[in-house]
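Structural features, examined
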Amino acid sequence: MIKVTNLSKSFDDLKVLKEISFDVNKGEIVVIIGPSGTGKSTLLRCLNYLETPTSGSVEIGGICVDAKKNNNRQINQLRKQSSFVFQNYSLFANKTAIENVAESLVTVWKTSRNEAHETAKIILIKVGLEDKLDFYPSQLSGGQQQRVGIARAMAAKGEVILFDEPTSALDPEWVEEVLTVMKQLAEEKQTMVVVTHEMQFAREVADRIIFMEEGYIVEQGTPEQIFENPQQKRTQAFVKRALKQ
Amino acid sequence: MQSSFDLQYIIELMPILLKYLGVTMEMALWGFLFALILSLSLALIRVFKITFIQHLAALFISFFRGTPLLVQLFILYYGLPQFMPIFIGMDAFTAAIIGLSLHFSAYMAESIRAAILGIDKSQMEACLSIGMTRLQAMKRIILPQAARVATPSLMNYFIDMIKSTSLAFTLGVAEIMAKAQMEASSSFKFFESFLAVALVYWVIVLFFTRIQHLLEHRLNKAY
């Protein structure tokens, strides 16, 4: 499904990602954990080419884009294979909840407006927002906005949904409702790559956990392996600290 | 000789001036429409940094912001026909509309560009993330939001443009300023004539200020 090969990213002299390679299978839920500033978000953004990698390649759903040799059309094709849930929701401010969700169907997939709104409505009901269809983002709470964000990503027909710290910007009271929606998706075997600091969620939901530090993948494995029997010293130190909280 | 203020004259002059208001408003509306199209194009060229023509756009903006409107109108109407035969047949009314739209498009382009750049870049990222192209994102998400930001300053330019149509009388366009000038020279009631024309402009501007508020209210619906 996803194949990342020797992916590197530098901001000027700062190397944020160093020759990262990993695969994600269809239906797999991969959670990326690690200390702040180790390139987790940058990695996720590179998968969607919101950030252009310096070298290496990203392949999703059969579309492969090489950092050194690509064009806008290829990048656009790659982006259609995945969708993105942002830390700060980034809902379209000029569109209602249902329009936000329907947008990709109307503009990218050329579905008729009525049909797109039908689909969008079904998805919004699924995330528990049937009574907020015609609300603008500014009229929704953080938790509701993020659920619209997830609904928008679900509608976009991508093979995989990328989550970039989806609960970090939320007040504690809204975290649970967003995690519930994500768990629901996990149960439906939606392929997901999630960057998060929610260790409990990682432990419960992930099929595989990738631990990153300073631009490298230090260790990866099942939640049991990473949380109960980490092999690397740095993983042990991080897990010990994280679980204490 | 000192004469007394003649209110009756102003009242009688009003209907005569209002007959020419159509010409004034036609210049302003056409001028603004063309300025809007041109300034949006200029702004997009600069935002997308389209190679080569972005420098032409910058040069265009620099010239039309850097020189007086009156000078531009004179170059256009009296100057250009000297070298370019296609301008010989151009009437003063057309020249005024062209001059106004070129001049104001330079200012408006900068307002629109600033409004576009002011939209949080996460909005563009969200568009790209669901597979939209940059152009689709601009059309569906960024420009509608930028329109809201740019409306107050664009309406300001429109109001300025209405008033600037008065310069067209120097090209010989028979609009309200020209008529007021004519009436003043024949009646010698300069103060009353020019006060009358000032009042007409003022009322028109008040009317469009009201429209602006309604428009802003509508555009603020989502916020």
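Structure shown above.
Procedures and definitions
- Residues numbered from 1 in each chain as written.
- Chains lettered and ligands numbered in written order.
- Predicted model: local features only at pLDDT ≥ 70, side-chain atom pairs only at ≥ 80, totals over all residues.
- Heavy atoms only, no water.
- Helix = DSSP H or I, 4+ residues; strand = E, 2+ residues; numbered from the N terminus.
- Buried < 20%, exposed > 50% of the residue type's maximum accessible area, 1.4 Å probe, protein only.
- Contact = heavy atoms within 4.5 Å.
- Pairing = 2+ DSSP bridges.
- Salt bridge = Lys/Arg side-chain N within 4 Å of Asp/Glu carboxyl O.
- Phe/Tyr/Trp six-rings, centres within 6.5 Å; stacked < 30°, edge-to-face > 60°.
- Lys NZ or Arg CZ within 6 Å of the ring centre and 35° of its normal.
- 1 Å grid on protein atoms, 1.4 Å probe; cavity = no way out; pocket = protein on both sides within 12 Å on 5 of 7 lines; lining within 4 Å.
- Points joined across faces, edges and corners; volume = space filled by probe spheres on them.
- Nonpolar A, V, L, I, M, F, W, Y, C, P; charged D, E, K, R; others polar.
- Axes fitted to C-alpha atoms, helices over the stretch in contact; angles between N-to-C directions.
- Expected span 1.5 Å × (residues − 1).

Describing the environment of L47(A)
All names here are of chain A. Its place among the elements puts L47 in helix α1 (residues 40-47). For L47, a relative accessible area of 0% corresponds to the buried category. Separated by 148 residues in sequence, L47 and V195 have C-alpha atoms that sit 12 Å apart. With near-sequence residues (within four places) excluded, L47 lies in contact with V4, F22, V58, I60, L78 and L162.

Notes on the pairing of strand β7 (residues 160-164) of chain A
Residues and elements named next belong to chain A. Burial analysis of β7 places 5 of its 5 residues in the buried class, the great majority of the element. Examined bridge by bridge, β7 and strand β8 (residues 191-195) share 5 bridges and lie parallel to one another. Bridging from a neighbouring strand, L162 pairs with V193 of β8.

A few points about the pattern of salt bridges
Residue and element names in this part refer to chain B. Applying the stated rule across the entire model yields 17 salt bridges over all chains. The partner of K189 in a salt bridge is D6, and the shortest N-O contact between them spans 3.4 Å. With a gap of 183 residues between them, K189 in the loop between α8 (176-187) and α9 (190-219) and D6 in the segment before α1 (7-18) connect regions that are remote in the sequence. Accessibility expressed as a relative area gives 25% for K189, which makes it partly exposed. Relative accessible area serves as the criterion here: at 22%, D6 is assigned to the partly exposed category. R113 is the salt-bridge partner of E110, the closest N and O atoms lying 3.4 Å from each other.

Quick look at the pairing of strand β4 (residues 55-60) of chain A
Put simply, side chains in a regular strand alternate between the two faces of the sheet. All names here are of chain A. Most of β4 is tucked away: 5 of the 6 residues are buried. As paired elements, strand β1 (residues 2-11) and β4 share 5 bridges and run antiparallel to each other. By the bridge assignment for β4, T5 is matched with S57. Looking at chain direction, β4 and strand β5 (residues 63-66) are connected through 4 bridges and run antiparallel. Paired with S57 across the two strands is D66, which belongs to β5. Hairpin connection from β4 to β5: 2 residues lie between these consecutive antiparallel strands, with G61 at a positive phi of about 50°.

Regarding the packing of aromatic side chains
What the rule picks out here adds up to 14 aromatic pairs over all chains. Summarising the aromatic geometry, the rings of F74(B) and Y78(B) are spaced 5.2 Å apart at their centres and angled 90° between planes, so their arrangement reads as edge-to-face. Of the two residues, F74(B) and Y78(B) are both situated in helix α4 (residues 69-79); the distance of 4 residues between them amounts to about one turn of the helix. A relative accessible area of 35% places F74(B) in the partly exposed class. Connected via pairs of aromatic rings, a cluster forms that spans F32(B), F158(B), F207(B) and F208(B). Above the plane of the ring of F92(A) lies R152(A), whose end atom (NZ or CZ) is 4.6 Å from the centre. If you follow R148(B) out to its NZ or CZ, it ends over the ring of Y223(B), 3.7 Å from the centre.

As for empty space enclosed by the protein
All names here are of chain A. If you walk through the whole model with that rule in mind, you get 1 cavity of 30 Å³ or more. Put simply, the largest cavity is a space of about 30 Å³. Around the largest cavity sit K126, V127, M154, V181, Q184, L185 and E188, which together line it. Among the elements that line the lining of the largest cavity, the one with the most residues is helix α6 (residues 172-187), at 3 residues. When grouped by side-chain class, the residues that make up the lining of the largest cavity number 4 nonpolar, 1 polar and 2 charged.

Describing the sheet that holds β1(A)
All names here are of chain A. The strand order across the open sheet formed by 4 strands is β2-β1-β4-β5, and the pairing between neighbours is antiparallel. A strand with exactly one partner marks an edge of an open sheet, and here the two such strands are β2 (14-24) and β5. Mean inter-strand twist for the sheet, computed between neighbouring axes without regard to direction, equals 20°. As judged from the 7 bridges shared by β1 and β2, these two strands associate in the antiparallel manner. Bridge pairing in β2 places I2 opposite V24. Seen against the sheet, helix α2 (residues 72-80) touches β4 and β5 and runs at an angle of roughly 130° to β5.

Some thoughts on helix α2 (residues 21-47) of chain B
Between its first and last C-alpha atoms α2(B) spans 38 Å; for 27 residues at 1.5 Å apiece the expected length is 39 Å, and the two agree. The first or second residue beyond α2(B) is K49(B), which carries a positive phi of 50°.

Description of the layout of surface pockets
Put simply, the largest pocket is a space of about 630 Å³. The wall of the largest pocket is formed by 24 residues, among which R79(A), F48(B), M124(B), L128(B) and R134(B) lie closest to the centre. Of all the secondary-structure elements, those providing two or more residues to the lining of the largest pocket are α2 of chain A together with α5 (92-118), α6 (121-129) and α7 (134-164) of chain B. The class makeup of the residues in the lining of the largest pocket is 14 nonpolar, 5 polar and 5 charged. For the second largest pocket, the calculated volume is near 290 Å³. Contributing to the lining of the second largest pocket are 15 residues, with L36(B), I112(B), A147(B), T151(B) and L154(B) lying nearest its centre. The greatest single-element share of the lining of the second largest pocket, amounting to 7 residues, is contributed by α7(B). Split by residue class, the lining of the second largest pocket holds 14 nonpolar, 1 polar and no charged.

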